Amino acid sequence: MRRAFAIALLSGAAVVFAVRFEPPPSGLVEAEGEIVITTTTVPPTTTTLTPRTTTTTTTTLATNHELGEGTLVAESPLVRMNRGYVQVEITVIDGYLAQVDMIVVPSESRRAREISLDAHDILAVEAVETQSYRLHNVTGATETSKAWMYALKLAMIEVGMVIPSP
């Protein structure tokens, strides 16, 4: 009896998953972040551990005078995260990041949408102040923060503010 109940329960879960599955929209990009590698070194003559952290980055920021004068607007591709998709639009005026708008917000649930909008308000201000996509994660919205920063990076590459390395 227990086996029959477990099989019925698992079969029902598979049906619910198949019904809720949505294919990703076109133009999808997987979210990625900076790679942080932590290693521990143990010298042969001592028992003390020495942690060492290495951060790998793959882009450089363009100087503002290289972008020229005028207004540029660019959209990032869609960036997938667990709770939906993120897409941002940036406005660059005379080589400086002037505004960041989130045009696609995760919509899995009302709570995910609220968290994403709150994180956007904080991240957009910090991005304009620092003129960079390398920002601090918003507490309680780590996944949204990473996807948002990656979308910002892609939009900045589009207008030439960030130069990807080969």
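Residues numbered from 1 in each chain as written. Predicted model: local features only at pLDDT ≥ 70, side-chain atom pairs only at ≥ 80, totals over all residues. Heavy atoms only, no water.

With that settled, consider the nonpolar core. Counting residues in each nonpolar core, the largest one holds 31 residues, and the members touching the most others are Val86, Ile90, Val100, Trp148 and Leu152. At the level of elements, β6 (78–81), β7 (84–93), β8 (96–104), α2 (110–130) and α3 (142–159) are the ones that each hand at least two residues to this core. Tallying contributions element by element places α3 first for this core, with ten residues. Look past the residues within four positions of valine 86 in its chain and what remains in contact with it is Pro77, Leu78, Val79, Met81, Met102, Val104, Pro106, Ala147, Trp148 and Ala151. (Core = buried A, V, L, I, M, F, W, Y, C linked by side-chain atoms within 4.5 Å. Buried < 20%, exposed > 50% of the residue type's maximum accessible area, 1.4 Å probe, protein only. Helix = DSSP H or I, 4+ residues; strand = E, 2+ residues; numbered from the N terminus. Contact = heavy atoms within 4.5 Å.)

For the rest of this paragraph, the subject is the environment of threonine 144. With respect to the helices, strands and loops of the structure, threonine 144 is situated in helix α3. Considered as a pair, threonine 144 and alanine 112 are 32 residues apart in the sequence and their alpha carbons are 8.9 Å apart. Residues contacting threonine 144, with those up to four places away along its chain left out, are Met81, Ser116 and Ala119.

Moving on: the side chain of serine 132. Counting through the fold element by element, serine 132 comes out in the loop between α2 and α3. Side-chain polar atoms of serine 132 contact the backbone nitrogen of arginine 134, separated by 3.0 Å. (Polar contact = N/O pair within 3.5 Å; in protein donor to acceptor, adjacent residues only side chain to side chain.)

Overall, the coordinates contain one salt bridge when judged by the stated rule. Glutamate 114 is the salt-bridge partner of arginine 111, the closest N and O atoms lying 3.4 Å from each other. Taken together, the residues arginine 111 and glutamate 114, both in helix α2 and three residues apart, mark about one turn of the helix. Residue glutamate 114 is classed as partly exposed on the basis of its relative accessible area of 32%. (Salt bridge = Lys/Arg side-chain N within 4 Å of Asp/Glu carboxyl O.)

Relative to the helices and strands, glutamine 87 is located in strand β7. For glutamine 87, a relative accessible area of 13% corresponds to the buried category. At 2.7 Å, the side chain of glutamine 87 and the backbone oxygen of serine 76 are in polar contact. Each residue touching glutamine 87, except ones within four places of it in the same chain, is listed here: Glu75, Ser76, Pro77, Leu78, Asp101, Met102, Ile103 and Val104.

Located in the positive-phi region is aspartate 94, a residue other than glycine, with phi close to 50 degrees. Tracing the chain through its elements places aspartate 94 in the loop between β7 and β8. A relative accessible area of 41% means that aspartate 94 is categorised as partly exposed. Residue glutamine 131 is not a glycine yet carries a positive backbone phi of 60 degrees. Turning to its location among the elements, glutamine 131 is positioned in the loop between α2 and α3. Among the residues examined, glutamine 131 registers a relative accessible area of 19% and is labelled buried.

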